[in-house]
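Descriptive structure summary
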Amino acid sequence: MGTYLTAFLVGGTICLIAQLLFDLTPLTPAHVLVILVVAGGILGGLGLYDPLIKFAGAGATLPISSFGNSLAKGAMAEAACSGVIGILTGTFELTSTGVTASIIFGFLFALLFNPKG
Amino acid sequence: MTVRRGKQTIVYATKPVFLGYSTVGGPKEGQGPAGSYLDKIYPDLTMGAKSFEAAERQMMISAIEMALEKASLSRSNVDCFIAGDLLNQIISSGFSALNIGAPFLGIYGACSSFAQGILLAGVLVDSGAAEVVVAATSSHNNTAERQYRYPTEYGAQMPPWSQHTVTGAGAAVIAARGQGPRLELATMGRVMDLGIKDPLNMGAAMAPAAADTIFTHMEDTGRKPDDYDLIVTGDLGKVGREIVMELAQRQGCDLSRNYRDCGELVYSKGQIDNAGGSGCACSAIVTLGMLFSQNYKRILVVATGAMHSPTSCQQGENIPAIAHAISIEF
C-alpha cells in the first residue's frame, strides 16, 4: 500500500503530465482528459496500472487515468468469464458506481439549483 | 451624399450625429477602469432574469432605452434598429428588436458588430433613408463562454492568452440632425485568415485583420496615425495589440504614440489574469462610455471580430477575422 509521499509524487506526476499537455500543446481540456483515460486503459490492459496503485495508493486511483484502468479491467474480467460479449457487459462493471452517481447527483442538483450556465 | 473613397472607405457627407448613447455593464465591468463611465451597473450576472440569455437582452434593451432618453426621443421615432451579438441566430438582437418594435436589421460581425452597426446606421442616415437609427450590441460572459468554449460550471482552465468576454451592452442613436459626436468616415474590413486555430487565442487571430483595416483606412484617406488623437482596436487584448504594433512597424506605420485596445482598457491588471476583455460589448462600452467622455477631437475605432463558430473549430478550420473602422469627430 502506498504512503503519503508516493501518493503525492505519483498523483502529482500524472497531473503534471496533463498540465504540460494543456500548456504546451494546442490540445483542449477534453483532449487531455481522453488521452489520460486511454493511457490508463492501455496501462491497465497491460497489467501495469495495478502495481502503480499498490505503490502509490490514492495517487494512482484519484486521477482520471484510473477510470481508464477500471474500464479495461472490468472488460477483461467479464471477457474471461463470458467470452467476447463480456467486453461489452463488463466495461462499466467496476466504474458503474461512479457513472451512476454522476448521473443521479447531476439530476438531483439540476432539480435543486436550475443550472443556467 | 454618401460616397466611397479609395478601396474600402465610406465618406459621410452630412456627418451623422451620435444624438444619444448609453452603456451598461456587469459587476466586473463596473469595478474596472471603464466602470465609472457606465450608465448602469448590474450587481450580479443573472440581472434577475431567468436565464443568462434573458439577462443579456435585458442589458441591450436597457442601453437602448437610456440612449433614446438622452436623445429625447421615444421608440416611435426610431426609423430603423440595427443590432448584432454573439449568440446563435443573434437572439439578443432579435428579441430586443421585438421589444423595441422598430424596423430591424440584424447583423453579425462577431465582436466587430459594434462598428458594423454604426457604419450601417451612418449610411442609412447620411443617404436620407432614415432620420433616426439605433445601433446596439451586447455580450455576456456566461452566454458567450458557454457558446464558444465550455459550460461555465465546468470550470475549464484558461491559458494566459485567452480573453474574458465582457458583460455589457452599448447603444447609440444616430441621427441626421442635432448636437453630439459626429460620424465622419468608416472603413469596411475584409475577412483575413492567418492560420490561427485556437479559439482561446482570439487576439492573435484578429490582429492581422485590424492591422489591414488600419492600413487601408490610412491609404484610402491619405491620413496618418497622428491625425487621430486615439486609434483604438476592439478586443485584441495584450497579445493581439502587440502583434498589431509589430505589423505596423513592418509597414512603416508608427502606432506607438496613440494606439490602445479596448480589451486592455476595460479591466484593470488585478481584475483578470489573462490578456484582456473581449466580446461585442467590449468596444461598445469602452468607446461610448470611457472614450466619448475624454477631450478627444477625433478618434478611430477599429472593432475586431472572429468569424468562426464552435462547429468550424471542431472541424479543424482556421479562425478567420474581420475589423471595421469608424472615425468619430467631437
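Residues numbered from 1 in each chain as written. Chains lettered and ligands numbered in written order. Predicted model: local features only at pLDDT ≥ 70, side-chain atom pairs only at ≥ 80, totals over all residues. Heavy atoms only, no water.

As for empty space enclosed by the protein
Remark: the empty space left among the atoms is shown by a probe the size of a water molecule rolled over them. All names here are of chain B. In total, this model carries one cavity of 30 Å³ or more according to the counting rule given. Within this model, the largest cavity holds a volume of roughly 140 Å³. Lining the largest cavity are 15 residues, with Leu-86, Cys-111, Arg-149, Met-202 and Ser-278 sitting closest to its centre. Broken down by secondary-structure element, the contributors of at least two residues to the lining of the largest cavity are helix H5 (141-148) and helix H6 (202-221). Broken down by class, the residue content of the lining of the largest cavity amounts to nine nonpolar, four polar and two charged. (1 Å grid on protein atoms, 1.4 Å probe; cavity = no way out; pocket = protein on both sides within 12 Å on 5 of 7 lines; lining within 4 Å. Points joined across faces, edges and corners; volume = space filled by probe spheres on them. Helix = DSSP H or I, 4+ residues; strand = E, 2+ residues; numbered from the N terminus. Nonpolar A, V, L, I, M, F, W, Y, C, P; charged D, E, K, R; others polar.)

Things to note about the side chain of Ser-62 of chain B
All names here are of chain B. By secondary structure assignment, the location of Ser-62 is in helix H2 (residues 52-70). Relative accessible area serves as the criterion here: at 9%, Ser-62 is assigned to the buried category. Other than its neighbours up to four places away in sequence, Ser-62 contacts Val-24, Lys-40 and Tyr-42. (Buried < 20%, exposed > 50% of the residue type's maximum accessible area, 1.4 Å probe, protein only. Contact = heavy atoms within 4.5 Å.)

What about the domain arrangement of chain B?
Residues and elements named next belong to chain B. Once the domains are mapped, chain B shows domain 1 (3-175) and domain 2 (183-329). For domain 1 and domain 2, the distance between their C-alpha centroids amounts to 17 Å. With 60 residues of domain 1 in contact, the opposing surface of domain 2 contributes 61 residues. Together domain 1 and domain 2 conceal approximately 5,000 Å² of surface at their shared face, both sides included; 65% is due to carbon and sulfur atoms. Tallying contributions element by element places helix H4 (residues 113-126) first for the side of domain 1 that touches domain 2, with seven residues. Residue composition of the side of domain 1 that touches domain 2, grouped by class: 28 nonpolar, 24 polar and eight charged. (Domains from an automatic or database assignment. Buried area = accessible area lost by both parts, 1.4 Å probe.)

Points about the layout of surface pockets
For the largest pocket, the calculated volume is near 620 Å³. Lining the largest pocket are 25 residues, and of these Pro-26 and Thr-28 of chain A together with Tyr-150, Asp-198 and Pro-199 of chain B sit closest to its centre. Secondary-structure elements contributing two or more residues to the lining of the largest pocket are helix H1 (4-24) and helix H2 (29-45) of chain A together with H5 and helix H10 (310-314) of chain B. Residues that form the lining of the largest pocket fall into these classes: 12 nonpolar, eight polar and five charged. Composition of the lining of the largest pocket by domain shows at least three residues from each of domain 1 (3-175) and domain 2 (183-329) of chain B. When its volume is computed, the second largest pocket comes out at roughly 360 Å³. What lines the second largest pocket is a set of 15 residues, among which Ala-18, Pro-29, Val-32 and Leu-33 of chain A together with Gln-157 of chain B lie closest to the centre. Mapped by element, the contributors of at least two residues to the lining of the second largest pocket are H1 and H2 of chain A. Here the element with the most residues in the lining of the second largest pocket is H1 of chain A; it accounts for five residues.

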